Amino acid sequence: MSSTSKKHRTLDQPTPQEDQRIQQGIEADPDTRELSEREFSQLKRMGRPKAEVTKERITIRLSPEVLEHFRSLGPGWQTRIDEVLKEMVNQQNQ
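Keep in mind that what you see is a predicted model, and the values were worked out from it rather than measured. (Residues numbered from 1 in each chain as written. Predicted model: local features only at pLDDT ≥ 70, side-chain atom pairs only at ≥ 80, totals over all residues. Heavy atoms only, no water.)

This part takes up the packing of helix α3 (residues 64–72) against helix α4 (residues 77–92). Put simply, α3 and α4 touch, their axes get as near as 8 Å, and they point 115 degrees apart. α4 is crossed by α3, and the crossing has right-handed handedness. In this structure, α3 uses Leu 67, Phe 70 and Arg 71 to contact α4, whose residues at the interface are Trp 77, Arg 80, Ile 81 and Val 84. (Axes fitted to C-alpha atoms, helices over the stretch in contact; angles between N-to-C directions. Helix = DSSP H or I, 4+ residues; strand = E, 2+ residues; numbered from the N terminus. Left-handed = near helix turned anticlockwise from the far one by under 90°. Contact = heavy atoms within 4.5 Å.)

This is the structure in structure tokens:
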């Protein structure tokens, strides 16, 4: 059996017989168990937390020197560009 993901990838799903063998293997494993509803509700979402304020995705053309400078500072270079621009906006609004 197969299904399609949101990104149009084909995902192979186990057949009912394979799923039954998988479930039997889970039940036979003493190191695993089914979570209760309460335990399941307490699980924390993995990945990046949702931002309180979201940013707008745009395309911008910057000079090579500007990109080289900010990228050389390591990860978070786009955020730093945003901070510099916000600082400029704040200064002009004073």
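This part is about the pattern of salt bridges. According to the stated counting rule, one finds three salt bridges in the structure shown. The salt bridge partner of Lys 55 is Asp 82, with a shortest N-O separation of 3.7 Å. You can see Lys 55 sitting in the loop between α2 (37–41) and α3 and its partner Asp 82 sitting in helix α4, a full 27 residues away along the chain. Taking the relative accessible area as the measure of exposure, Lys 55 reaches 59% and is therefore exposed. According to the relative accessible area criterion, Asp 82 is partly exposed, its value standing at 25%. (Salt bridge = Lys/Arg side-chain N within 4 Å of Asp/Glu carboxyl O. Buried < 20%, exposed > 50% of the residue type's maximum accessible area, 1.4 Å probe, protein only.)

Our next topic: the confidence of the model for the protein. Overall, the predicted model of the protein reaches an average pLDDT of 90, with 99% of residues at or above 70. Of all helices and strands in the protein, the one with the weakest mean pLDDT is strand β1 (residues 2–4) (79), whereas α3 scores best (96). (pLDDT = per-residue confidence, 0-100.)

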